[in-house]
Amino acid sequence: MNEQTRKMMVQEMAERGENPPSRYIWKDIHHQPADAPPIPIVYLGHPDEAEQIKAALQSWGMFQVMDCGMTASFLDEVRNVAKEFFQIPMEEKQKYTNLKNGKFHYEGYGNDEVVTDDQVLDWTDRLYLTVQPEDMRKLELWPENPSSFRDVLNEFATKSREMLDYVLKVMAKSLELNEDSFISQFGDRSILDVRFNNYPCCPRPELVNGIKPHSDSSALTIILPDKDVEGLQVMKDGVWVKVTTSPHALILNMGDLMEIMSNGIFKSPVHRVVTNMNKDRISVAFFYTPDGEAEIGPVDGLVSDMRPRLYKNVKPKVYNEIYFPRFLQGKPTIDFFKV
Ligand SMILES: O=C(O)CCC(=O)C(=O)O
Ligand SMILES: [Fe+2]
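A brief report on the enclosed structure follows. As the structure is a prediction and not an experimental result, all values here were calculated from the model. (Residues numbered from 1 in each chain as written. Chains lettered and ligands numbered in written order. Predicted model: local features only at pLDDT ≥ 70, side-chain atom pairs only at ≥ 80, totals over all residues. Heavy atoms only, no water.)

**Details of the overall build of the protein chain**
Here's step 1: What the protein chain contains, in helices and strands, is seven helices and 14 strands.
Here's step 2: For a compact globule of 339 residues, the expected C-alpha radius of gyration is about 20 Å, and the protein chain comes in at 19 Å, within 12% of that figure.
Here's step 3: Considering only C-alpha atoms, the protein chain reaches an extent of 60 × 45 × 35 Å along its principal axes.
Here's step 4: Residue burial in the protein chain is summarised as follows: out of 339 residues, 54% are buried.
Here's step 5: Taking contacts inside the protein chain between residues at least 6 apart in sequence as the whole, the part at least 24 apart equals 76%.
Here's step 6: One finds the centroid of the 39 positive side-chain charges in the protein chain at a distance of 4 Å from the centroid of its 51 negative side-chain charges. (Helix = DSSP H or I, 4+ residues; strand = E, 2+ residues; numbered from the N terminus. Rg over C-alpha atoms; globule rule 2.2 N^0.38 Å. Buried < 20%, exposed > 50% of the residue type's maximum accessible area, 1.4 Å probe, protein only. Contact = heavy atoms within 4.5 Å. Lys, Arg positive; Asp, Glu negative; His and termini not counted. Charge placed at Lys NZ, Arg CZ, Asp CG, Glu CD.)

Laid out in structure tokens, this is it:
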């Protein structure tokens, strides 16, 4: 796209040190989080892992994963390729743009689609890619700079997928269900999408959100947070709580589809990212979603006279079609599927 007509990326505005334009400004946001204990920690492979996971997911919908099957140096490698990608010249990053002839596509490098005049934009630039099923990869959008990007992403996806499937089994066992109760709803063509998030520093961080308050549409999400720069906050019992993590930990959170599958037992937490005045923050998130055509719904063993069905069945593809325009407006979606 012509450099003159292209919309300015957040990274470019940040480099110029300009105040955020009005499209990015929220009225009445309060970024100051409450004092709270750190989010729960789960040690995978520990004899009490099921109890730890159940307790964390019923109260927070989120936990730090220790012993995730990836070494600290590998996690740093992932952080490095993400950082290096956002540092390559803008012209080169634009080769992967999510705009084709001005039309928005989910995959690629860029910002959210703008659907309404009053939509408030996030102070972030992202690279969004579908990683699994492998035959859905659009390799032309996978960066070749840094040169290890594709291999590192591939390895991170394979290891994350192994961890996610393991956790899904433990989650089922923790509720005294057959271990395949959740996994069997994912179908043959479950989807793993990745989002590389760059949150540039902002001269007026109190006016903007790095990512607006939302719950994820996935079933499960993995977040690899920045090692040095905080920013993620989660809503717990009506107050915003800072998510602080160990540098070796991943964060795992539930998405709306898992709240539905678990008949409301596992919470899909509302979360947001705040920015700061002098440090860029980078994170990498994987979204794990059942096959778009596989109808999902509350697992049989979790519906009873004592605990009636709370949600209707839905195809993930249909859920997403409703979710994305609402996400852009900062509105929740899950209520549509309440019985
Ligand atoms: O950057 C983060 O820590 C979280 C990102 C996030 O919530 C998302 O991409 O859905
Ligand atoms: Fe999220």
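Read on, since the account is not over.
**Thoughts on the site of ligand 1**
Here's step 1: Within the structure, ligand 1 sits among 13 residues, and R195, Y199, H271, R281 and S283 are positioned closest to it.
Here's step 2: R195 is positioned such that a nitrogen or oxygen atom in its side chain is 3.0 Å from an oxygen atom of ligand 1.
Here's step 3: Contact between ligand 1 and H271: an oxygen atom at 3.1 Å from a side-chain N or O atom of the residue.
Here's step 4: Burial of ligand 1 by the protein amounts to 100% of the accessible area it has alone, namely 300 Å².
Here's step 5: Counting only elements with at least two residues in the shell around ligand 1, the list comes to β7 (191–199), β8 (211–214), β13 (271–273) and β14 (281–289).
Here's step 6: For the shell around ligand 1, the per-class residue count stands at six nonpolar, four polar and three charged. (Near = heavy atom within 4 Å. Polar contact = N/O pair within 3.5 Å; in protein donor to acceptor, adjacent residues only side chain to side chain. Areas by Shrake-Rupley, 256 points an atom, 1.4 Å probe, with all protein chains shown as cover. Nonpolar A, V, L, I, M, F, W, Y, C, P; charged D, E, K, R; others polar.)

**Focus: the side chain of R79**
Here's step 1: Structurally, the position occupied by R79 is in helix α3 (residues 72–87).
Here's step 2: Classification of R79 by relative accessible area gives buried; the value is 11%.
Here's step 3: In this structure the side chain of R79 is engaged in a polar contact, spanning 3.1 Å, whose partner is the side chain of D76.

**Quick look at the coordination of the iron ion (ligand 2)**
Here's step 1: Here the iron ion (ligand 2) is held by H214 (NE2), D216 (OD) and H271 (NE2), and the distances to it run 2.1 to 2.2 Å.
Here's step 2: Within one chain, the residues serving as donors to the iron ion (ligand 2) are arranged as H-x1-D-x54-H. Neither H214 nor D216 differs from the other in exposure class; each is buried. (Donors = N, O, S within 2.8 Å, 3.2 Å for Na, K, Ca; no water.)

**What to know about the nonpolar core**
Here's step 1: In this structure, F156, M171, F182, L220, L250, L252 and M258 are the most contacted members of the largest nonpolar core, which totals 89 residues.
Here's step 2: No other element matches the twelve residues that helix α5 (residues 149–174) contributes to this core.
Here's step 3: Residues in contact with L252, not counting those within four places in the same chain, are G61, M62, F63, V65, M163, L164, V167, L220, T221 and I222.
Here's step 4: Membership of the second largest hydrophobic core comes to eight residues, among which are V10, Y24, L121 and C202. (Core = buried A, V, L, I, M, F, W, Y, C linked by side-chain atoms within 4.5 Å.)

**Regarding the packing of helix α2 (residues 49–59) against α5**
Here's step 1: Taken N-terminus to C-terminus, the directions of α2 and α5 make an angle of 85°; their axes are 9 Å apart at the nearest point. Our classification of the angle between α2 and α5 gives roughly perpendicular. Contacts between α2 and α5 involve E49, A50, I53, K54 and L57 on the former and, on the latter, Y166, V167, V170, M171 and S174.
Here's step 2: Across the contact of α2 with α5, the residue classes break down as seven nonpolar, one polar and two charged. (Axes fitted to C-alpha atoms, helices over the stretch in contact; angles between N-to-C directions. Parallel < 35°, antiparallel > 145°, perpendicular 65-115°, else oblique.)

**Let's talk about the pairing of strand β9 (residues 220–224)**
Here's step 1: Counting buried positions along β9 gives five out of five residues, so the element sits mostly inside the fold.
Here's step 2: Going residue by residue along β9, you find L220, I222 and L224 tucked away on one face and T221 and I223 tucked away on the opposite face as well.
Here's step 3: With four bridges joining them, β9 and strand β12 (residues 250–254) adopt antiparallel strand pairing. When the sheet's bridge partners are listed, L220 is paired in β12 with M254. (Pairing = 2+ DSSP bridges.)

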